[in-house]
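# Results of the structural survey
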Amino acid sequence: MIWTKWAGRGLSVAALAAALSANAPAGAQEVDNAARFGALESILDVSLSPDGHHLAFVGQGKGRTRNLYVVDTVEGAAPRSILTSDGGDGGNLSWCGWVTNERLACQTFVRDEVAGEVMGASNIVALDAVGGNVRLLSKGRSHRSLYADLRGGSVIDWSSTDNGSLLMTRSYVPENTMNTRIAESGEGLGVDRVDTVKATARRVEAPNRDAIAYLSDGHGNVRIMATQGVLSSTGQLDPVIRFFFRPKDGGSWRPLAQTDIIAEDGFEPAAIDAGTNRVFGFQKIDGRKAVVAMALDGSGATTTVFAHPEVDVDDIIRIGRNGRIVGVSYATDQREAVMTDAPLARMTGALSKALGGKQVVIVDASADEGRYLIRAESDTDPGTYYLYTPEAKELRPLLSARVQLAETTLSPVKPITYPATDGTMVPGYLTLPPGREDAKGLPAIVMPHGGPSARDEWGFDWLAQYFAQSGYAVLQPNYRGSSGYGDQWYQNNGFQSWKTAVGDIADGGRWLVSGQGVDPAKLSIVGWSYGGYAALQSGVLAPDLFKAIVAIAPVTDLAQLKDEASREGASRISAKFIGAGPHVREGSPAQNAGAIEVPVLMFHGTYDQNVDVAQSRTMRRALEGKGKRVELIEYPELAHSLEEGDARADMLRKISAFLPH
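These figures come from a predicted structure and were not determined experimentally.

### Some details on the overall build of the protein
In terms of regular secondary structure, the protein is built from 13 helices and 39 strands. Since a compact globule built from 661 residues should have a radius of gyration of about 26 Å, the 25 Å found for the protein is in line with a globular shape. Along the three orthogonal principal directions, the C-alpha set of the protein runs to about 65 × 65 × 50 Å. The buried share of the protein, taken over its 661 residues, is 54%. Counting only contacts in the protein whose residues sit at least 6 apart along the sequence, the fraction spanning at least 24 positions is 56%. Looking at the protein as shown, the accessible area adds up to about 27100 Å², and 48% of this sits on carbon and sulfur atoms. Positive and negative side-chain charges of the protein, numbering 65 and 77 respectively, have mean locations separated by a distance of 1 Å.

So, in structure tokens, the structure goes:
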């Protein structure tokens, strides 16, 4: 039986509140929902030390500031800030993990404009758990190059093969000196064993020019390499990724499998099970993604681990420093986990029951799995971190993912289906204002998800909850073109099959009016990324349905998107994904701006690497050229997700003033 120790609230409440309050609205702004919901998560990453007695977490500060805190897991302990990043030239903290009980490794990430192009760069650094002794672990590049600071690299193995070291991918590039090309010990992506104290490295895998990723078995052995070549005839990236394996007893790389990243055909390795000498990965069965295990002995023999008859199985659950495989997960109306480890299945089931049926995710575990860091969340709980000690049967709260919403009553999210014009039942989620049982007479918003290779899931959504808190009924449709439901539902993706996808979205608006009784004069559509594209294109397809359109970081011109991809070396991939034919023009809102009859409000970050800000600028010019009402708000130096609380709050305020209510 699991019992909960609620003495205090785990860590020092006063100290923790002080540490995280920089990003929380002040008391005088308590009713400012835009600031509360627009604020980024208070806790961006959490890690448990190997002995289970210390916690490291990245907390969001004011503006772009992020802080790394270390705190003992004893009750009443106060967090200590040991590293701060401000999002400037040195980048910003993304995550931190424990190398040993005394040493941490962290990734920083920065975007900048280089020679007119927005570039992303990451570095991995190590430091002591008490602060100080900071060492740069990522591979340096030529100081003469424009890309000198684009180091990159990732940790692929945290196991303690060498005390205080990590197995890392590192990039080796040719150095240009006086127009002379000098190759430094080969070029491409390789793997090194890096000492985190001395920042010295020992070569494990020689650099390969086509390598894009490696997989370790969790015990210090690199077993799989993924490659993606450049086609000599075009200079563009090959859409086929090829995988190679190294036998258990060593030897040269041998072919394993391949996958087409557009069609998502083939086998995609994800995690190695050293005990059975197999790699677990994803492969389609009957048109839906399943988890399959493939032998690493050259036979190519596969075994289906888990397949679902209705939806894709899209996640492999791993825990511990060795990445032990313990289950799989998929989403129907709600996300479900199938634990292949029986004791953990019983444990997570009991924890979920103790926490009122909330979804429970194992975030980390001590080296001996005597302590677990878990996160519990639901539609009305943005997430709370707990420490669970099985031997003591003790479950103790540690951190809240969003302290700004701690006292806010959130709205339940209801799975629904509605009929499309052709009779197909479209799944989705409906969120009503707190305390409302129906949507009659309410203003409403249809909010299509991004992607298009994505889907919405049941749970907390800051944007949907903000609109519900503002009095709107919010529909999030998983229209045809969404991923997660198999090939038949995905069709040819939301661009090539835009009429079906956008048609399903428009039918969601009609269902809100005819089936739920929302006010047709106050029906709007709001979308981000592909959702922004769908919002704009809905104004072309159904110009009299929605009374206002909000598009955040939208694609607006498919031909322009293909041109942008060509400059990035991905024209062949883009050409296959977007396709060719009349739909490229017909499915581009910027090419059909004259059909849009309602006001349009757009937002875009100028450092967006997913969808270039030029897409929104093109749409603005097209609408202005047709005499339409349009406004574009640009946020300098922000990326696709607009990861700054002040910017998001500003956006929410402007949307609220714009939408009919």
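### Some points on the packing of helix α7 (residues 498–514) against helix α8 (residues 530–541)
Orientation of α7 relative to α8, taken along the N-to-C sense of each, is 85°, at an axis distance of 9 Å. Viewed along their axes, α7 and α8 adopt a mutual orientation that is roughly perpendicular. Within the contact between the two elements, α7 uses Trp498, Lys499, Ala501, Val502, Gly503 and Ile505 and α8 uses Tyr530, Tyr533, Ala534, Gln537, Ser538 and Leu541. Of the residues belonging to the contact of α7 with α8, the class tally is 8 nonpolar, 3 polar and 1 charged.

### Looking at the sheet that holds strand β27 (residues 335–339)
Across the sheet, which stays open at both edges, the 3 strands sit in the order β25-β26-β27 with antiparallel pairing between neighbours. The sheet terminates laterally at β25 (313–319) and β27, the two strands that pair on one side only. Each strand axis lies, on average, 30° off the axis of its neighbour in the sheet, ignoring direction. Relative to β27, strand β26 (residues 324–331) runs antiparallel, the two being bridged by 5 bridges. When the bridges of β27 are listed, Val328 appears paired with Val338.

### Comments concerning the sheet that holds strand β3 (residues 54–60)
Neighbouring strands of a sheet are bound in pairs by backbone hydrogen bonds; such pairs are parallel or else antiparallel. Across the sheet, 4 strands lie side by side as β2-β3-β4-β5; this open sheet has antiparallel pairing. Among the strands making up the open sheet, the edge pair consists of β2 (43–48) and β5 (80–85). Going across the sheet, the axis of each strand differs from the next one's by a mean of 20°, ignoring polarity. Taken together, the 5 bridges between β2 and β3 define a ladder with antiparallel strand orientation. Its bridge partner being in β3, Ser47 is matched across the sheet by Ala56.

### Description of helix α4 (residues 462–469)
Burial analysis of α4 places 7 of its 8 residues in the buried class, the great majority of the element. Those residues of α4 lying buried are Trp462, Leu463, Ala464, Gln465, Tyr466, Phe467 and Ala468. Capping the start of α4 is the job of one residue whose side-chain oxygen sits 3.0 Å from the backbone nitrogen of Leu463: Asp461.

### Here we look at the packing of aromatic side chains
In this structure the tally under the stated criterion is 16 aromatic pairs. For the ring pair Trp462 and Trp528, a centre distance of 6.1 Å and an interplane angle of 80° mean the geometry is edge-to-face. Of this pair, Trp462 sits in helix α4 while Trp528 sits in strand β36 (residues 523–528), placing them 66 residues apart in sequence. Ring geometry for Phe603 against Tyr635: centres 6.3 Å apart, planes inclined by 5°, an arrangement best described as stacked.

### Description of the pairing of strand β14 (residues 188–195)
Of all 8 residues in β14, 7 are buried; the element is thus mostly enclosed. Pairing geometry for strand β11 (residues 165–172) and β14, over 8 bridges, is antiparallel. In the strand pairing of β14, Ser171 is matched with Leu189. Here 5 bridges tie β14 to strand β15 (residues 201–208), and the two strands are oriented antiparallel to one another. Bridge assignment links Val194 to a residue of β15, and that residue is Ala201. Hairpin connection between β14 and β15: a loop of 5 residues separates the two successive antiparallel strands, and Ala199 in this loop has a positive phi of roughly 60°.

### Observations concerning the state of the cysteines
Considering all chains together, one arrives at 1 disulfide under this definition. Between the sulfur atoms of Cys96 and its disulfide partner Cys106 the distance amounts to 2.1 Å. Disulfide Cys96-Cys106: torsion about the S-S bond near 115°, hence right-handed. Of this pair, Cys96 sits in strand β6 (residues 92–98) while Cys106 sits in strand β7 (residues 103–114); the two residues are 10 residues apart in sequence, bridging distant segments of the chain. With relative accessibility at 4%, the residue Cys96 sits in the buried group. The class for Cys106 is buried, based on a relative accessible area of 0%.

### Some details on unusual backbone geometry
In most cases, non-glycine residues show a negative phi, while peptide bonds are predominantly trans. Omega for the bond connecting Gly451 with Pro452 falls within 30 degrees of zero, at 5°, which places this linkage in the cis form. With respect to the helices, strands and loops of the structure, Pro452 is situated in the loop between β34 (444–446) and α4. Here the phi dihedral of Ala199 falls at roughly 60°; this positive angle occurs in a residue that is not glycine. With respect to the secondary-structure elements, Ala199 resides in the loop between β14 and β15. Its identity as a non-glycine residue notwithstanding, Glu264 has a phi of 55°, on the positive side. Tracing the backbone through its elements, the reader meets Glu264 in the loop between β19 (254–260) and β20 (265–266).

### Quick look at the pattern of salt bridges
One pass over the structure, following the stated rule, counts 27 salt bridges. Measuring nitrogen to oxygen at the nearest pair gives 3.7 Å for the salt bridge that ties Glu394 to Arg396. Both residues of the pair, Glu394 and Arg396, belong to the buried class. A salt bridge links Asp507 to Arg510; its shortest N-O distance comes to 2.8 Å. Here the residue Asp507 and the residue Arg510 both occupy positions in helix α7, the gap between them amounting to 3 residues, near one helical turn. Three or more residues are tied together by salt bridges with common partners; here these are Glu41, Arg375 and Glu377.

### Considering the packing of α4 against helix α13 (residues 645–658)
At a minimum axis distance of 12 Å, the contact between α4 and α13 shows a crossing angle of 40°. Comparing their axes, α13 and α4 come out oblique. Note that α4 runs across α13; the crossing there is right-handed. Between α4 and α13, the contacting residues are Trp462, Leu463, Tyr466 and Phe467 on the first element and Arg648, Met651, Leu652, Arg653, Ile655 and Ser656 on the second. Looking at the contact of α4 with α13 residue by residue, the class counts come to 7 nonpolar, 1 polar and 2 charged.

How each quantity is defined
Residues numbered from 1 in each chain as written. Predicted model: local features only at pLDDT ≥ 70, side-chain atom pairs only at ≥ 80, totals over all residues. Heavy atoms only, no water. Helix = DSSP H or I, 4+ residues; strand = E, 2+ residues; numbered from the N terminus. Rg over C-alpha atoms; globule rule 2.2 N^0.38 Å. Buried < 20%, exposed > 50% of the residue type's maximum accessible area, 1.4 Å probe, protein only. Contact = heavy atoms within 4.5 Å. Areas by Shrake-Rupley, 256 points an atom, 1.4 Å probe, with all protein chains shown as cover. Lys, Arg positive; Asp, Glu negative; His and termini not counted. Charge placed at Lys NZ, Arg CZ, Asp CG, Glu CD. Axes fitted to C-alpha atoms, helices over the stretch in contact; angles between N-to-C directions. Parallel < 35°, antiparallel > 145°, perpendicular 65-115°, else oblique. Nonpolar A, V, L, I, M, F, W, Y, C, P; charged D, E, K, R; others polar. Pairing = 2+ DSSP bridges. Polar contact = N/O pair within 3.5 Å; in protein donor to acceptor, adjacent residues only side chain to side chain. Phe/Tyr/Trp six-rings, centres within 6.5 Å; stacked < 30°, edge-to-face > 60°. Disulfide = S-S within 2.5 Å. Salt bridge = Lys/Arg side-chain N within 4 Å of Asp/Glu carboxyl O. Left-handed = near helix turned anticlockwise from the far one by under 90°.

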